[in-house]
Amino acid sequence: SSDLYDATFIRQLVSSEITRSKLGRQKIAEQMTLRGCRPVTLRMLNGYTANSRDDFPWPAEFDIAFCEVVGSYRLLAERVKRAGFRMIGPDEERLISIGKAYEQKIRAEQRLAGVGL
């Protein structure tokens with residue numbers, strides 16, 4: 001089923017991000033709890049990432065705190081991508097803003113050229 005595939009994919013992604021992080025699992029759990037998540041324990045984190053625990057899916061409410069703690073927004077980006085969208089960060093947002101300003105400048109110049117001052 002698609003739900004099982006998604007749960008497996010998310011579990012593997014979370015495990016991968018934990019491995020890539022410089023923090024241990026205990027520290028990740030503690031830091032997530034400090035960021036306002038409901039309490040997260042090492043045991044919970046291990047359960048969420050265990051391949052044998054299809055009955056223990058990763059809660060989406062943990063996504064933001066997890067991403068902040070491990071220093072990677074890959075989990076959120078994948079969720080957004082799987083929903084058919086793209087996630088933009090501050091750098092991309094700045095470029096979009098510049099692009100919109102450029103479009104406005106061109107339209108203003110075209111209007112002024114049409115006035116024939």
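This part takes up the pattern of salt bridges. Applying the stated criterion across every chain yields a total of seven salt bridges. Where R35 meets E68, a salt bridge forms, and the shortest distance between an N and an O atom there is 3.3 Å. Here the residue R35 occupies a position in the loop between α2 (25-34) and α3 (42-49), and E68 occupies one in helix α4 (residues 63-70), the gap between them amounting to 33 residues. For E68, a relative accessible area of 36% puts it in the partly exposed group. Residues D63 and R79 are paired through a salt bridge, measuring 2.5 Å at the closest nitrogen-oxygen approach. Taken together, the residues span a long stretch of sequence, with D63 in helix α4 and R79 in helix α5 (residues 74-82) at a distance of 16 residues. A residue is classified by how much of its surface remains accessible, and D63, at 4% relative accessible area, is buried. Note on R79: relative accessible area 27%, which makes it partly exposed.

Formed by 20 residues in total, the largest nonpolar core has its most connected members in V14, I28, M32, W58, F62, F66 and L75. Put simply, the parts of the chain that give this core at least two residues each are α1 (2-20), α2, α3, α4 and α5. For W58, the residues in contact, after removing those within four places along its chain, are I10, V14, M32, L45, Y48, D63, F66, L75 and R79.

Now for the packing of aromatic side chains. One pass over the structure, following the stated rule, counts five aromatic pairs. Taking the centre distance of 4.6 Å and the plane angle of 15 degrees together, the rings of Y48 and F56 count as stacked. A relative accessible area of 5% places Y48 in the buried class. Between W58 and F66 the ring centres are 5.2 Å apart and the planes differ by 75 degrees, which places this aromatic pair in the edge-to-face class. Judged by its relative accessible area of 9%, W58 is buried. On the basis of relative accessible area, F66 is assigned to the buried category, the value being 0%.

The pLDDT averaged across the chain works out to 89; a share of 93% of its residues lies at or above 70. Within the chain, no element has a lower average pLDDT than α1, which sits at 85, and none a higher one than α2, at 96.

When you line up the elements, E78 lands in helix α5. Among buried charged residues, E78 stands out as having no salt bridge; its nearest opposite-charge side chain is K81, 4.0 Å away. Residues within four places of E78 in sequence aside, it is in contact with F9 and L13.

Thresholds applied
Residues numbered from 1 in each chain as written. Predicted model: local features only at pLDDT ≥ 70, side-chain atom pairs only at ≥ 80, totals over all residues. Heavy atoms only, no water. Salt bridge = Lys/Arg side-chain N within 4 Å of Asp/Glu carboxyl O. Helix = DSSP H or I, 4+ residues; strand = E, 2+ residues; numbered from the N terminus. Buried < 20%, exposed > 50% of the residue type's maximum accessible area, 1.4 Å probe, protein only. Core = buried A, V, L, I, M, F, W, Y, C linked by side-chain atoms within 4.5 Å. Contact = heavy atoms within 4.5 Å. Phe/Tyr/Trp six-rings, centres within 6.5 Å; stacked < 30°, edge-to-face > 60°. pLDDT = per-residue confidence, 0-100. Lys, Arg positive; Asp, Glu negative; His and termini not counted.

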